[in-house]
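Analysis of the macromolecular model
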Amino acid sequence: MADEHVADAPAPAVLDAPALHRYEIRLGTELAGFTEYLDRDDQRIFFHTEIGEQYGGRGLASRLIHDALAETVSGGKRIVPVCPFVAGYLEKHDDFAAAVDPVTREALQAVRDSQA
C-alpha cells in the first residue's frame, strides 16, 4: 500500500542558490538537501552534498545531482567531482563524461581556501 504522505508530497524542484554557492532540492517550501559548489575559472567544483535523513530513499540526491550537473554544463562550465556522491553519480551515468575534469590538488586547495 502506498504511503499517502509521499503520494501527496509536492514534486521536487532543484534550484541554484548562487548566494549560498549551492543547488538546493526542495519539496514545496521544505529544503530536502543541497550540493555545494565553488566556481573557479571555467570549472564548477562540487565538494559537498547532503540530503535530510527524513528524505532518504526517494531518489532526491540523484535528481539534485543530475539537475545541478545539467545546468552546470549548459552554462558552459566543466565539472570537478570532489564530493564522493557526485563522483559516484558520474561513475554510474556517463551523460556528462565529456564535461568532467579530474580532481587536482589545486581544486582541493581552492575548496579548502573557500571554507577558511
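Everything below is about the structure printed above this text.
In this report, we go over the structure that sits alongside the text. Predicted model, so just to flag it, every value in this text is computed and none were measured. (Residues numbered from 1 in each chain as written. Predicted model: local features only at pLDDT ≥ 70, side-chain atom pairs only at ≥ 80, totals over all residues. Heavy atoms only, no water.)

Here we take up the overall build of the protein. Tallying secondary structure elements over the protein gives four helices and five strands in all. The C-alpha radius of gyration of the protein comes to 15 Å, within 12% of the 13 Å expected for a compact globule of 116 residues. Principal-axis analysis of the C-alpha atoms places the extent of the protein at approximately 50 × 30 × 25 Å. In the protein, buried positions account for 36% of the 116 residues. Across the protein, contacts joining residues at least 24 apart in sequence account for 42% of those joining residues at least 6 apart. Here the protein has roughly 6,900 Å² of accessible surface; of this, 52% comes from carbon and sulfur atoms. (Helix = DSSP H or I, 4+ residues; strand = E, 2+ residues; numbered from the N terminus. Rg over C-alpha atoms; globule rule 2.2 N^0.38 Å. Buried < 20%, exposed > 50% of the residue type's maximum accessible area, 1.4 Å probe, protein only. Contact = heavy atoms within 4.5 Å. Areas by Shrake-Rupley, 256 points an atom, 1.4 Å probe, with all protein chains shown as cover.)

Applying the stated rule across the entire model yields five salt bridges. The shortest N-O distance in the salt bridge between aspartate 39 and arginine 44 comes to 2.6 Å. Accessibility expressed as a relative area gives 34% for aspartate 39, which makes it partly exposed. (Salt bridge = Lys/Arg side-chain N within 4 Å of Asp/Glu carboxyl O.)

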